[in-house]
Amino acid sequence: MTRSIRLATSFIALLASSMAVAQVSPQSASRPATPAAAAPQANVIDLDTITVTAARAERSTAEIPQSIQVIDRGEIEEQLKFSPNAATALGKLVPGYSMSTQTVSSASENYRGRDLLVMIDGVPMNTPLRDVSRILSLIDLNTVDRIEVVAGASSLYGAGATGGTVNFITKKAAEGKPRVTVNSAIRAFTQNIGRSLAPEASVTVSGKVPDGIDYLFSGQIRGAGRTYDGSGRELPSDGLLGQGGGDRYKAGNLLAKLGYDFAGGKRIELNASWIGFDQDPKYLTNYAAPFARPDRTQLYNGQSVLEDTKSISLRYSDADFALGKLSVLGYYNDIKKRFNYSTFSYPYNSQVYYSFNPLSPTSRDNQTTLYSQRGGVNVTIDTSLDRLLPGAKLTWGGDLIQEKTWQTLTSGQDVFTPLQQTTAAGFGQLQIPIGDRVVLRGGLRYEHFSLSVSDYTRPAAYAAVAANNALGYQSFVLPALRVLGGDFDYSALTANIGATIKLSETSEIFGGFSQGFALPDVGAFTRRAGISTQYACPVQLPNCLPANRQTISYSSIAPQAQIVNNYELGIRGSYDRFKGSLTGYISTSDEGVTFDPVSNTMSQQKERIWGVEATGDVTVTEAFTMGTVLSYREGRYDTNADGKLDSNLPNNRIGSPWRGMLYGSYRFVNGMQLRVEGEAFSDRDVAIDLRGTRYKLKGAATMNAALTAPVWDGEAYVAVNNLFDRNYQNPTATSVRNLANYSWGRTVTVGFRKTF
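These numbers come from a predicted model, not from an experiment. (Residues numbered from 1 in each chain as written. Predicted model: local features only at pLDDT ≥ 70, side-chain atom pairs only at ≥ 80, totals over all residues. Heavy atoms only, no water.)

**What about the overall build of the protein?**
Along the protein, the regular secondary structure elements total seven helices and 38 strands. At 26 Å, the protein has a C-alpha radius of gyration in line with the 27 Å of a compact globule built from 756 residues. Along the three orthogonal principal directions, the C-alpha set of the protein runs to about 75 × 60 × 55 Å. Here the protein, with 756 residues, has 58% of them falling under the buried criterion. Taking contacts inside the protein between residues at least 6 apart in sequence as the whole, the part at least 24 apart equals 70%. Across the protein, the 73 positively charged side chains and the 68 negatively charged ones have centroids separated by 5 Å. (Helix = DSSP H or I, 4+ residues; strand = E, 2+ residues; numbered from the N terminus. Rg over C-alpha atoms; globule rule 2.2 N^0.38 Å. Buried < 20%, exposed > 50% of the residue type's maximum accessible area, 1.4 Å probe, protein only. Contact = heavy atoms within 4.5 Å. Lys, Arg positive; Asp, Glu negative; His and termini not counted. Charge placed at Lys NZ, Arg CZ, Asp CG, Glu CD.)

**Describing helix α2 (residues 73-82)**
Burial of α2 is extensive: nine of the 10 residues sit out of reach of the surface. Its side-chain oxygen at 3.2 Å from the backbone nitrogen of G74, D72 defines the N-terminal cap of α2. (Polar contact = N/O pair within 3.5 Å; in protein donor to acceptor, adjacent residues only side chain to side chain.)

**Considerations on the packing of α2 against helix α3 (residues 86-93)**
Packing of α2 against α3 brings their axes to within 10 Å, and their N-to-C directions diverge by 115°. Helix-helix and strand crossings are classified by hand; for α2 and α3 the assignment is right-handed. Residues E75, Q79 and F82 of α2 pack against A89, K92 and L93 of α3. In terms of residue class, the contact of α2 with α3 is made up of three nonpolar, one polar and two charged. (Axes fitted to C-alpha atoms, helices over the stretch in contact; angles between N-to-C directions. Left-handed = near helix turned anticlockwise from the far one by under 90°. Nonpolar A, V, L, I, M, F, W, Y, C, P; charged D, E, K, R; others polar.)

**Thoughts on the sheet that holds strand β24 (residues 473-478)**
Read from one edge of the open sheet, three strands run β17-β23-β24, paired in antiparallel fashion. Both outer strands of the open sheet, β17 (351-353) and β24, are each paired with one neighbouring strand and no more. The mean inter-strand angle of the sheet, taken between neighbouring strand axes irrespective of direction, is 20°. The pairing of β17 with strand β23 (residues 461-466) spans three bridges and is classified as antiparallel. (Pairing = 2+ DSSP bridges.)

**Brief notes about the pattern of salt bridges**
Throughout the structure, instances matching the rule amount to 35 salt bridges. Where E269 meets R267, a salt bridge forms, and the shortest distance between an N and an O atom there is 2.8 Å. The class of E269 is buried, set by a relative accessible area of 19%. (Salt bridge = Lys/Arg side-chain N within 4 Å of Asp/Glu carboxyl O.)

**Looking at the sheet that holds strand β22 (residues 456-458)**
On the basis of which strands lie adjacent, the open sheet formed by three strands has the order β22-β25-β28 and mixed pairing. The open sheet is flanked by β22 and β28 (551-553), the only strands paired with a single partner. The mean inter-strand angle of the sheet, taken between neighbouring strand axes irrespective of direction, is 35°. In terms of strand pairing, β22 meets strand β25 (residues 481-484) through three bridges, oriented antiparallel. Paired with R458 across the bridge in β25 is L481.

**Quick word on the nonpolar core**
In this structure, L419, L451, L478, Y490, L519 and I552 are the most contacted members of the largest nonpolar core, which totals 33 residues. Of all elements in the fold, only β21 (438-453), β23, β24, β25 and β26 (486-504) reach the threshold of two or more residues within this core. When sequence neighbours within four positions are dropped, the list of residues in contact with L451 reads L129, L419, Q420, Q421, G486, D487, F488, Y490, L519, V522 and Y554. If you look at the next biggest cluster of nonpolar residues, it comprises 29 residues, including L80, Y111, V118 and M125. (Core = buried A, V, L, I, M, F, W, Y, C linked by side-chain atoms within 4.5 Å.)

**Considering unusual backbone geometry**
For the peptide bond that leads from A289 to P290, omega is 15°, which places it in the cis range. Here the amide bond leading from Y346 into P347 is cis, since omega sits at 5°, within 30 degrees of zero. You can see P347 is positioned in the loop between β16 (324-338) and β17. Unlike most non-glycine residues, D576 shows phi in positive territory, near 50°.

**Quick word on a nonpolar patch on the surface**
Nonpolar side chains collect at one region of the surface, where V209, I213, F217, L258, L270, I312, L314 and Y332 lie side by side and expose about 650 Å² of accessible area between them. Secondary-structure assignment places V209 in the loop between β9 (198-208) and β10 (214-224). Here V209 falls in the partly exposed class, since its relative accessible area comes to 41%. (Patch = residues over 30% accessible without salt bridge, like charges linked within 9 Å, V, L, I, M, F, W, Y side chains within 5 Å. Areas by Shrake-Rupley, 256 points an atom, 1.4 Å probe, with all protein chains shown as cover.)

**What to know about the state of the cysteines**
If you walk through the whole model with that rule in mind, you get one disulfide. Linked covalently through their sulfurs, C537 and C544 form a disulfide whose S-S length is 2.0 Å. Looking along the S-S bond of the C537-C544 disulfide, the torsion reads about -90°, which is the left-handed sense. On the basis of relative accessible area, C537 is assigned to the buried category, the value being 1%. (Disulfide = S-S within 2.5 Å.)

**Topic: the environment of D414**
Relative to the elements of secondary structure, D414 occurs in the loop between β19 (393-409) and β20 (419-434). Every residue in contact with D414, bar those within four places of it in the chain, is listed here: W406, Q407, T408, Y456, T457 and P459.

**Quick word on α3**
Most of α3 is tucked away: eight of the eight residues are buried. A86, A87, T88, A89, L90, G91, K92 and L93 are the residues of α3 that are buried. For α3, the side-chain oxygen to backbone nitrogen distance between the N-cap and A87 is 2.8 Å, and the N-cap itself is N85.

Right, dumping it as structure tokens:
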């Protein structure tokens, strides 16, 4: 109750601040600065946005019985002023998505406490066989036209969407002569401007040859210096332990799109993209309490942190196909991700690959690189059933995916079993209107995973547990362990059903049940084969295991395939100058996956997550708009397998239960625009097991502001994050290892955008 009052007080303060800003501007503007700013021109806000993600075919949001959010180009450009990181934008605008870690990694970021399937133009970018989190921060938002977010479990796109789906739809080529858009900016921390400079530049060229091909080419480059918290302390390059930080990097993106429209509604489109990242840390990280910080006594002596991801896709669509609208998408991803080098540090980095030197136990090869190659074909047909029932539609098709994933130390030795998987799935989704107000939707999907697990030898590790001695811990060796693989099959039939009921032309109630099916992070389970004191040897006798205990089979450590059930009920719509949504949900699973950073183990158990989400926007005057995003979530799980949900889910699944943002935007008569944002999140202090273990997260509130002005037929902007330079712990980053990680202090961005 106290936390609720505190949070409410924060939002009231933020509301008052926004109103105060609004009162500075007495006149309405004559020219909108962005597409989003054009909204005040209409009293009724249209929610009937076309989406392709939810149904695998074009549908209006009013027909989908799930929570859907479409972030348009105007909103994307507003967020680009504050940060180029897509995770930061989702964390602000999407209720239910975690606050960004402010690093290159999205570790512990999740959607409604579960995994998020990330796609670009329908091409999945996740690596489900070894689920690593470095995706969102490297997407170039300059090329994105809109972001479609679908909440809740869904099997329409296959493995990975147990919490929701986000699809980044890149821009379409402009008609006619070449059209060029340039965006450049430079960002710095006010604590040390010279050492924290972070420049970025993006150029996009698009056009269409008369009666010929259309094209879009885009390139982006950005870099970053040092990063600082609100107290002026430099932040570590790897505060999340092995994940990659937000400082001292160079990054780049390339995108090429070529398309051709044939007669009869046919189109073929070729996309190719490259994502690069290279971080050169200066120091190793001190993981000792009370917070993660650079260890200035140890220079970083590992290889750079690297990303090298290439993707190519070819889509053919036919609006006049004999069976309806046809879409065939073929794609191939070649992914390489190298992570940080780190050294033994009890208790937060208490397991490292062993050098066989107890005085310096960390192997020089204690740095890994993930490789994943994934190709697939998605076929979708949207068939009208008007002859049987006016307005009825059947969307059906299938997916075939082949992927190979492995991860090695810098020596080339595998750290988990090399994996290959073939996924085959077929689905059908029926939509039936009943009268003028009700739309029913329901479907089935059958999915089959054929998993091939190679034999491998898990490298020897050095580890420690708590002990009552001078060091505070007792170290031991986990000898190399032979893991025997094999071929394994997983399959499931999942279902969804729901309805929307129209209350008016612009509002509806929606609700339904949907399921997601996924095979949890297999690589993570096999990487931890034998990581237990049951296989421990004394440091003085590091190869003590008898021959009959030097081998373990994959089948004895394999995770169970996971089915997630999602129940949802909500209302959304617009009335005059207001639009908004309110949704409640419950998500359950008997095979939930939880990672314990203390023991470095993963487990599966029964669990339940529930929450409420709300969005709202109001056009106060033609010049002044306000909006809010609010969410609450909590979850419990069964820690001792007795069937009872006995403890709260750990912070790396839930984080701060209450979170939200309140924002206001005002357009001045001279075309300038001011946006003020207030963000707040609550404490969390709950028992996560039957022993009563607690890791407290501290709540906080911050403010951001951006001023935009028309200059030289373009748009100049200044944006300030963490306006009052508040020092506070980042709840998501802190949740990764239950070690305090501080958020960024005040940053100022100056930029210019122009299209000609």
